[in-house]
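# Examination of the molecular architecture
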Protein chains: 8
Amino acid sequence: MHKKELEKLLEDHKSGTLDTEQLIKQLTDMPFKQFADFHMDHLRELKKGFPEVIWAQNKTVKQVTDAYEELKNKSKRFLLTRMTDEQAEALNNKTHFAFDAISRVGIYEEEPLPKKGHIIVIGAGTSDMPVVKEAELVAETMGNKVTTIIDVGVAGIHRLLAYYDKLQEANVIIAVAGMEGALVSVVAGLVKCPVIAVPTSVGYGSHLQGIAPLLSMLNSCAPNVSVVNIDNGFGAAYQASLINHIGEE
Amino acid sequence: MHKKELEKLLEDHKSGTLDTEQLIKQLTDMPFKQFADFHMDHLRELKKGFPEVIWAQNKTVKQVTDAYEELKNKSKRFLLTRMTDEQAEALNNKTHFAFDAISRVGIYEEEPLPKKGHIIVIGAGTSDMPVVKEAELVAETMGNKVTTIIDVGVAGIHRLLAYYDKLQEANVIIAVAGMEGALVSVVAGLVKCPVIAVPTSVGYGSHLQGIAPLLSMLNSCAPNVSVVNIDNGFGAAYQASLINHIGEE
Amino acid sequence: MHKKELEKLLEDHKSGTLDTEQLIKQLTDMPFKQFADFHMDHLRELKKGFPEVIWAQNKTVKQVTDAYEELKNKSKRFLLTRMTDEQAEALNNKTHFAFDAISRVGIYEEEPLPKKGHIIVIGAGTSDMPVVKEAELVAETMGNKVTTIIDVGVAGIHRLLAYYDKLQEANVIIAVAGMEGALVSVVAGLVKCPVIAVPTSVGYGSHLQGIAPLLSMLNSCAPNVSVVNIDNGFGAAYQASLINHIGEE
Amino acid sequence: MHKKELEKLLEDHKSGTLDTEQLIKQLTDMPFKQFADFHMDHLRELKKGFPEVIWAQNKTVKQVTDAYEELKNKSKRFLLTRMTDEQAEALNNKTHFAFDAISRVGIYEEEPLPKKGHIIVIGAGTSDMPVVKEAELVAETMGNKVTTIIDVGVAGIHRLLAYYDKLQEANVIIAVAGMEGALVSVVAGLVKCPVIAVPTSVGYGSHLQGIAPLLSMLNSCAPNVSVVNIDNGFGAAYQASLINHIGEE
Amino acid sequence: MHKKELEKLLEDHKSGTLDTEQLIKQLTDMPFKQFADFHMDHLRELKKGFPEVIWAQNKTVKQVTDAYEELKNKSKRFLLTRMTDEQAEALNNKTHFAFDAISRVGIYEEEPLPKKGHIIVIGAGTSDMPVVKEAELVAETMGNKVTTIIDVGVAGIHRLLAYYDKLQEANVIIAVAGMEGALVSVVAGLVKCPVIAVPTSVGYGSHLQGIAPLLSMLNSCAPNVSVVNIDNGFGAAYQASLINHIGEE
Amino acid sequence: MHKKELEKLLEDHKSGTLDTEQLIKQLTDMPFKQFADFHMDHLRELKKGFPEVIWAQNKTVKQVTDAYEELKNKSKRFLLTRMTDEQAEALNNKTHFAFDAISRVGIYEEEPLPKKGHIIVIGAGTSDMPVVKEAELVAETMGNKVTTIIDVGVAGIHRLLAYYDKLQEANVIIAVAGMEGALVSVVAGLVKCPVIAVPTSVGYGSHLQGIAPLLSMLNSCAPNVSVVNIDNGFGAAYQASLINHIGEE
Amino acid sequence: MHKKELEKLLEDHKSGTLDTEQLIKQLTDMPFKQFADFHMDHLRELKKGFPEVIWAQNKTVKQVTDAYEELKNKSKRFLLTRMTDEQAEALNNKTHFAFDAISRVGIYEEEPLPKKGHIIVIGAGTSDMPVVKEAELVAETMGNKVTTIIDVGVAGIHRLLAYYDKLQEANVIIAVAGMEGALVSVVAGLVKCPVIAVPTSVGYGSHLQGIAPLLSMLNSCAPNVSVVNIDNGFGAAYQASLINHIGEE
Amino acid sequence: MHKKELEKLLEDHKSGTLDTEQLIKQLTDMPFKQFADFHMDHLRELKKGFPEVIWAQNKTVKQVTDAYEELKNKSKRFLLTRMTDEQAEALNNKTHFAFDAISRVGIYEEEPLPKKGHIIVIGAGTSDMPVVKEAELVAETMGNKVTTIIDVGVAGIHRLLAYYDKLQEANVIIAVAGMEGALVSVVAGLVKCPVIAVPTSVGYGSHLQGIAPLLSMLNSCAPNVSVVNIDNGFGAAYQASLINHIGEE
């Protein structure tokens, strides 16, 4: 139902050619479609300020550049994740665009959001860096102050304990680990803030491409842990950013 | 190293019988144990105000009642989860104790915490009630205003949409679902707050005791979702409570 | 938004105290909730004639009898699946109610629907009988003429071929099998109608409680096969009934 | 038993050199092979009008072109699925042949079938396009009017609701989704027609190449859902076409 | 097509009221059903001498006793496997019936078959005895001389080697093992006859109810091994008996 | 213990410098090693006539050619399985050597063994050809008359039934199938000889690289089935050949 | 070959009725069986001092008491694991026998072995106690000084660090953990001795009865870890005891 | 807290400007970080003599060469595992560096450690060589005398028994096997020393990239077995070396 049709109905009602019962019937018969049309802008508004995201994996270069151009016209900032080299190359000389080769994240940002403190991204090993970096860049772009700590696997617990004070500063922690994923429980036990756990596919054999740390994290003995999909640095950062901005308008 | 030993060392240093280098060496040689002794209270203090929890499953009645008596002396409120009927019966006439037979949660509470708004617990079907109720009771005990919405499975989407306005009020949502767990993605798409997803073991056959909705939730196309273990209403509520209290001292 | 509020708005508009722009704004701001209120009856109407179903597993006797009484007032016929003996006993002397102990299906039926032909339920072995019977009873209650063929496992292919002519009469076939589930592909190859496949949990060892025939059926080399969950005779019958009534108003 | 042998037997019987008992014995001793010879044409006839299909995956270019030439002589239309570029190139300039690079479907069609209304193919995301397109092309070739709706993932439920009216027009819906596959339950809840669900391999990590949405769909809380193999757009379209043509001669 | 109808057709042909073409058409149109009717006896004849089997698991006492009575009238010997105590009790005082409580096998045998040599059943541990015994009893009933060797697990290889000579006497060996199932490969390496491997559910933890030895046996480095389902002593014995009787009429 | 040492011991005993007790002690102390030395030739002799096999997968070209030269000196015939193109090329112009590119089997054969009848290799689809061909070539090389039947998937049961008579001629059948693997149960139900089932990795999605037909075959309702590893045409042929030669010296 | 036969052969050789070549042939033809007879005592001797073990699970009371009586005559000490209450009751008043109800271990010990230092058994939570206790009792019975540390889960790392000094004293550590099993990596990082990891079945949901900590431990980032089966406290203690006694005669 | 700060505190206390209570408070408030600083050297010292290891998989050439240069300055010997050709080439002409192409292990060794006897590495097949070699090189570099035995798969048990005497010499055995992994149980049964089992990914089909032998080894009926991750030759050698050096200072 377009606005004009609605105006017509209301006019008819006002003029008496349509009685109240009939108008109500028409409005209540108004199927989902029109309702959705009305609300789309409303919803979009609600979510204003959140960067949109293009999941570039499985997309052609053209699909990505088309989506890029479309979003550029609608939004001051947005993200592209899991970009291929070809996709990155096609966009690399664009204004306001930057590509990070480690995390394969592309960022379009006309002007950065102010950074609210404080999310800590902590990664078990250097091999987890792509996921750590994805989380870091996404969280920063969404307006969070981010500190990244890397290479603090639990087999050398003193390395992690060295960051004990720093960890207390976080509103939310993103803990990234492959192998056995034990970092999550230890970190969660050291802090009182929520921890978002990200298992990575770094490992081999019975690691099952990340299933081992995923199960480990889901079964954490620390209660302040929730988990996202394997290698999902983006999702962890998005969730952490929402948490860090709780209570804001 | 007990406090007295430390006082002795410092005294010796002050009196000159122990030179600075030697004292520093003693302190740095101080192994983890003493360090831990020092910090235990510190850590406990940090986490003050959080209710402790006894996971009663796999415990004998005596183990539970002993733990109960011990915690009662230390704490004004604490929780017992997954209690058996026998365990509940053994505690049921105690002061300040209440047992909920649906969720099998026991609560010891001398005086309730003030309730901060607002966590919404939303459950797909009535069979998910035990997990929903566990989340609700844990969140309330931890000082959160909680609203519970039940029986809004996605196969009748209008039932869920009826709560659209209500959902916008939440700081964090706990979404509980068995079967295919699709409720989580739909709810997460309707709100801008973080969603903690709890798969339940309600289902049969290829449900695999909750693995189906667990995988579903981990692969949600909504980015504001993180997941806890199957049937872990407690963990979801704990995490949600931390999120709801972010920024408090 | 209740009807009265809407009437008031329209009245205000008619009387000129609310201009058209404002009224449209109010209507488009009308959140999902009101929309849902409007549409619930509409949706219920759409689905009129379909029996509602209570999944009795995991429910208490009281929950089941309460649901029974509620549905009885709304509907001329409905089904209860996976009933326990206790649940069945609690309802067993009710008017219009019948319980089948093999399939654990309960049927409330004030007057049967006319039977449209023709659904064939075919089961590999006698151990699959509970699922076969569930499918049969559900399909019949939903207004289908049903023929049931049992004990035609593929290891004795002549037993199945003996029903070749009969199978051609079906508009849709429900094929139920445990063990290796091979019945589905053979049946589907003999007919040109759609086949709904139901794996059962009948088997042992590497059968994995029905996963073996489930995978078998999903990988059928026959293209006219789609699959429902393990032991889900109800779902297969529901789907088959919809197919059998395609094109009806 | 070739026809001539049979004629001979009947002649002998007619002339009296073979008595009735002996003839019947010979006929009943006639093993499966002859029986099959008799019935092959019969069966082929029964299935007349159904396009045959070559599953080109795992086949050499020559195997595919040979099969193509053979089918071309027998049939006015047939399909090739999962074609490689090399296979497509080898056939690309043939008369009546068209290749779709997205779905990797090849169609040989001398004259299209009349289109019976109405199958809707609905896909959750643009990455599911290859499977969506496969379903669309197969359904069209089999004589169905097809409408395709894409990019209506449940995390933005308003996008799906916008098609509420359209969905009511379908006789059968093919719902295609990767990630968590939740689209299926929501769609199935909005309509009263049967839904054929197709999980796709679009996802990562705990998605397990499509196992996550497969399990999700098998456990759908909507009863009007049945499921085909991961990425099996062809099978879904075949099944949907049969359903759409139920009752035809 | 019943015999009388066929006689009628042939008579009509003989009398000239039905010409040869028409008769042949009628015969070739004769659908599968009639064909199957003709051949059922033929097939049953082919398999004569093989004992029939009732898989008693999941059957009621009545279903078992009914099947027993029916088979007793058709056959001089048959087997019942996986009997419950109740089922066994119901049959226990019957003539020609014996029940073995370890393997839960029931045997109806009016007169034993002559025993052909030689099947060896070898079991890794005493806990595998139920499966070993099932294989032994089934093989004996099917007319094989059987030697059983038990408790020769590979962790004490000398116990197995002590039977080296004996093993050479077998035409076929049934190797039964739980735990890691390594017995199969060692035994298969010591002999030149075929080995039928039976994994058992004896184990715990990562044994996964028999999946561990099942995978072990399927991956045996010995080429003279084939495998049956977990705990399927019956199937192994049936297969071994066929092998032992190869070449017999 | 080398022969000379043993001769020396016996000589000492004969001459009286070593008494009987001491000699027996020495002999019984003779550790496993010497024992093994003695028996190696014995064992090799036992297995004489069986072609040795080189599993070429995971081996370098040099490892394969070295093994080839070594075996050539010891044996009149042997097999190489899963050869790469490079390995095949390195051996291709050798005398008595032939390579089959479909199955990737290489055969060194100075003079063929006489063929004993009769093994039938039956394959569900043309995509299973590599495994079917491996089984065929291995069985032939081991001295069996082999008949191969291909493309008789159960979805067109008449194609399989056409071979009913032929199937009765086999002493043992090798049934090869990917997809849902249902061919095995149907074939096994048509014959009374043992069937060796080979699941193949031909399929996609929930096929899980052959796990679907593997489980299907392990759970066959036909008792005359045993199973080998996925794609293990070699093992099936080896087992079948042993069965076909049972009773020979 | 019994000793007498061997004496006879040697006598014949000595007397000249059997020449050396013939005797050697007879000895080398001596099949595995005799060899095994010779060596059984030798092997048993080698392993002297190790307590034998009866795995009581899946055994009847009689089987257990019989095995008990037999071992009692051969050995001064032995263990029974996973005893049922009935089994324990049947032995409970025997001399030298003790039963531990937590671990379900029974110990027959006429005189304890001297204790060599030092094995530490460390358990994550009180629910892991049965497995911890099994390891402790088995290790003690095998002659090791054992220290047990319990309830030091990694979510409260200070509890574990409090034992830092104590941990350094161990020659080998047995680390027992359910839930996510992270204790293992942290402990292994704190020490330089080998760690034997035991996952337990303590957990729920995605814990999969111990698979989660099992995978976690197999993927530990600490290199000084090896793993035994879920709940296998016995095996861990046995392995640890061997390690602790390395180099002893 | 740097040393200077600590000296300052102690000085203040000595001079009386800081009383004892205050100093103790400062020391006990000293958070984990400083503590860790103190202990890092201590821990490093503890582990002195152990070669550090770079897991080169998933690292860039630069990351590897950087780590190499850094470690070279700190350590006389270290290992690189799972090197790519590019990584090896970048280091290949360095002094004290050697690369083994089979195991992909790189060794930097200024001067070898003295070799303590005796670790035996035993591998089932030649395809397991990369893992066997990794274990061998790591163990040697860590100061162990190593004997390697290869190609002693259990299907030819005499090959393994030939090493019976040799096996008795080991303090610890590393048993490496793919396929069904049965070698481990047989070897463990022949010796009284601990066995570290390494499953390999050598196999196909239901081998599941090493899961089959992994499960096999975890379920070994021999109690002197513990297991490391699939293909983890390094971890097995590290663990074995620790065991072999037990009791050393």
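Remember, it's a predicted structure, so these values are computed and weren't measured experimentally. (Residues numbered from 1 in each chain as written. Chains lettered and ligands numbered in written order. Predicted model: local features only at pLDDT ≥ 70, side-chain atom pairs only at ≥ 80, totals over all residues. Heavy atoms only, no water.)

## Regarding the side chain of Asp128(D)
Convention followed: Runs of H or I in DSSP of at least four residues are treated as helices and runs of E of at least two as strands, each being numbered from the N terminus. Classification of residues uses two cut-offs on accessible area relative to the type maximum, computed with a 1.4 Å probe and protein chains only: under 20% is buried, over 50% is exposed, and between them is partly exposed. Counted as positive: Lys and Arg. Counted as negative: Asp and Glu, with His and the chain ends omitted from the count. Take a side-chain nitrogen of Lys or Arg and a carboxyl oxygen of Asp or Glu: if they are within 4 Å of each other, that pair is a salt bridge. Residues count as neighbours in contact if any of their non-hydrogen atoms are within 4.5 Å of one another.
Relative to the assigned elements, Asp128(D) resides in the loop between strand E5 (116–123) and helix H6 (129–141). At 9.5 Å, Lys59(A) is the nearest oppositely charged side chain to Asp128(D), a buried residue that forms no salt bridge. Setting aside chain neighbours within four positions, we find Asp128(D) in contact with Val176(D), Ala177(D), Gly178(D), Thr200(D) and Val202(D).

## Considering the sheet that holds strand E4 (residues 105–109) of chain E
Residues and elements named next belong to chain E. The test is simple: Note on pairing: two strands pair once DSSP finds at least 2 bridges between them. Note on geometry: axes are C-alpha line fits, over the in-contact stretch for helices, and angles between N-to-C directions span 0 to 180 degrees.
One open sheet accounts for four strands, arranged E1-E2-E4-E3; its pairing is mixed. Each having just a single partner strand, strand E1 (52–55) and strand E3 (97–100) make up the two edges of the open sheet. If you compare each strand with its neighbour and ignore which way they point, the axes differ by 15 degrees on average. Examined bridge by bridge, E3 and E4 share four bridges and lie antiparallel to one another. Bridged to Ala 98 within E4 is Ile 107. The sheet strands contacting helix H6 (residues 129–141) are strand E2 (77–81), E3 and E4, and the helix crosses E4 at an angle near 10 degrees.

## Some remarks on the interface of chain G and chain H
Cut-off, in case you're wondering: A 3.5 Å cut-off defines polar contacts: any pair of N or O atoms within that distance qualifies, except that in protein one atom must be a possible hydrogen donor and the other a possible acceptor, and neighbouring residues in sequence count only when both atoms are side-chain atoms.
In this assembly, 37 residues from chain G lie in contact with 37 residues from chain H. Taken together, the connections running from chain G to chain H amount to zero salt bridges. Here chain G is connected to chain H by eight residue pairs in polar contact (both at pLDDT 80 or more). Every element with two or more residues in the side of chain G that touches chain H is listed here: helix H3 (32–46), helix H8 (164–168), helix H9 (183–190), strand E8 (195–199), helix H10 (211–218), strand E9 (225–227) and helix H11 (233–244) of chain G. Top contributing element to the side of chain G that touches chain H by residue count: H11(G), with six residues.

## With respect to the confidence of the model for chain A
Residues and elements named next belong to chain A. How we decide: Note: pLDDT gives the predictor's confidence per residue, expressed from 0 to 100.
Of the residues in chain A, 88% have a pLDDT of 70 or more, and the chain-wide mean is 87. Here residues 31–48 is modelled with pLDDT under 50, and outside its nearest four sequence neighbours on either side it reaches 42 contacts, counting other chains as well. Among the scores for the predicted complex, ipTM is 0.85 and pTM is 0.89.

## So, the packing of aromatic side chains
Applied cut-off: Stacked, tilted and edge-to-face are the three classes applied to pairs of Phe, Tyr and Trp rings, where Trp contributes its six-membered ring and a pair requires centres within 6.5 Å; stacked means planes under 30 degrees apart, edge-to-face means over 60, and tilted covers the rest. Consider the ring centre and the ring normal. A charge sits over the ring if Lys NZ or Arg CZ is within 6 Å of that centre and within 35 degrees of that normal.
Summed over the entire model, instances satisfying the criterion amount to 48 aromatic pairs over all chains. Pairwise contacts between aromatic rings join Tyr68(A), Phe78(A), Phe97(A) and Tyr108(A) into one cluster. Lying across the ring of Tyr204(D), Arg82(A) places its NZ or CZ 3.8 Å from the centre.

## Things to note about the packing of helix H6 (residues 129–141) of chain F against helix H11 (residues 233–244) of chain F
Residues and elements named next belong to chain F. The condition that has to hold: The handedness criterion is simple: a crossing whose near helix is rotated anticlockwise from the far helix by less than a right angle is left-handed, and one whose near helix is rotated clockwise is right-handed. Under the scheme applied, nonpolar residues are Ala, Val, Leu, Ile, Met, Phe, Trp, Tyr, Cys and Pro; charged residues are Asp, Glu, Lys and Arg; polar residues are all the others, including Gly.
One can describe the packing of H6 onto H11 by two numbers: an axis separation of 8 Å at closest approach and a directional angle of 35 degrees. You can see that H6 and H11 cross each other, and the crossing is right-handed. Contacts from Val 131, Glu 134, Ala 135, Val 138 and Ala 139 of H6 reach H11 at Gly 233, Phe 234, Ala 237 and Tyr 238. Broken down by class, the residue content of the contact of H6 with H11 amounts to seven nonpolar, one polar and one charged.

## Section: helix H11 (residues 233–244) of chain E
Residue and element names in this part refer to chain E. How we decide: Residue count minus one, scaled by 1.5 Å, sets the expected span of a helix.
End to end, H11 covers 16 Å across 12 residues, agreeing with the expected 16 Å (1.5 Å per residue, within 8%). Counted residue by residue, H11 has 12 buried out of 12 residues, so it is predominantly covered. Along H11, the positions that sit buried rather than exposed are Gly 233, Phe 234, Gly 235, Ala 236, Ala 237, Tyr 238, Gln 239, Ala 240, Ser 241, Leu 242, Ile 243 and Asn 244.

## Side note on the pattern of salt bridges
Tallied over the full model, the rule gives 71 salt bridges over all chains. The partner of Asp66(C) in a salt bridge is Lys62(C), with the nearest N and O atoms 2.6 Å apart. Here Asp66(C) pairs with Lys62(C), and both are found in helix H4 (residues 61–74), just four residues apart, close to one helical turn. The exposure class of Asp66(C) is partly exposed, given its relative accessible area of 40%. Across the pair Lys72(F) and Glu69(F) runs a salt bridge, and its minimum N-O distance is 3.2 Å. Of this pair, Lys72(F) and Glu69(F) both sit in helix H4 (residues 61–74), three residues apart, roughly one helical turn. The class of Lys72(F) is partly exposed, set by a relative accessible area of 28%. Ionic contacts of the salt-bridge type, sharing partners, join the residues Glu69(A), Lys72(A) and Lys94(A) into one network.

## A few points about the relation of the copies chain G and chain H
Here is the rule we go by: Residues reaching a pLDDT of at least 70 in both copies supply the C-alpha atoms on which the copies are superposed by least squares.
Once turned by 180 degrees and shifted 0.0 Å along the axis, chain G lies on chain H with an RMSD of 0.1 Å. Here the symmetry operator amounts to a two-fold rotation axis. If distances are taken from each C-alpha of chain G to the rotation axis, the shortest is found for Val227(G), at 2.4 Å. Residue by residue, 97% of the interface of chain G is reproduced at the interface of chain H, so both copies engage with the same surface.

## Section: the pairing of strand E5 (residues 116–123) of chain A
Residues and elements named next belong to chain A. For E5, a buried count of six out of eight residues is recorded, marking the element as mostly surrounded by other parts of the structure. Pairing geometry for E5 and strand E6 (residues 144–150), over seven bridges, is parallel. The residue bridging Lys 116 from the neighbouring strand is Asn 144, located in E6. Inspection of the sheet shows E5 paired to strand E7 (residues 172–177) by five bridges, in the parallel sense. Pairing of Gly 123 across the sheet is with Val 176, part of E7.

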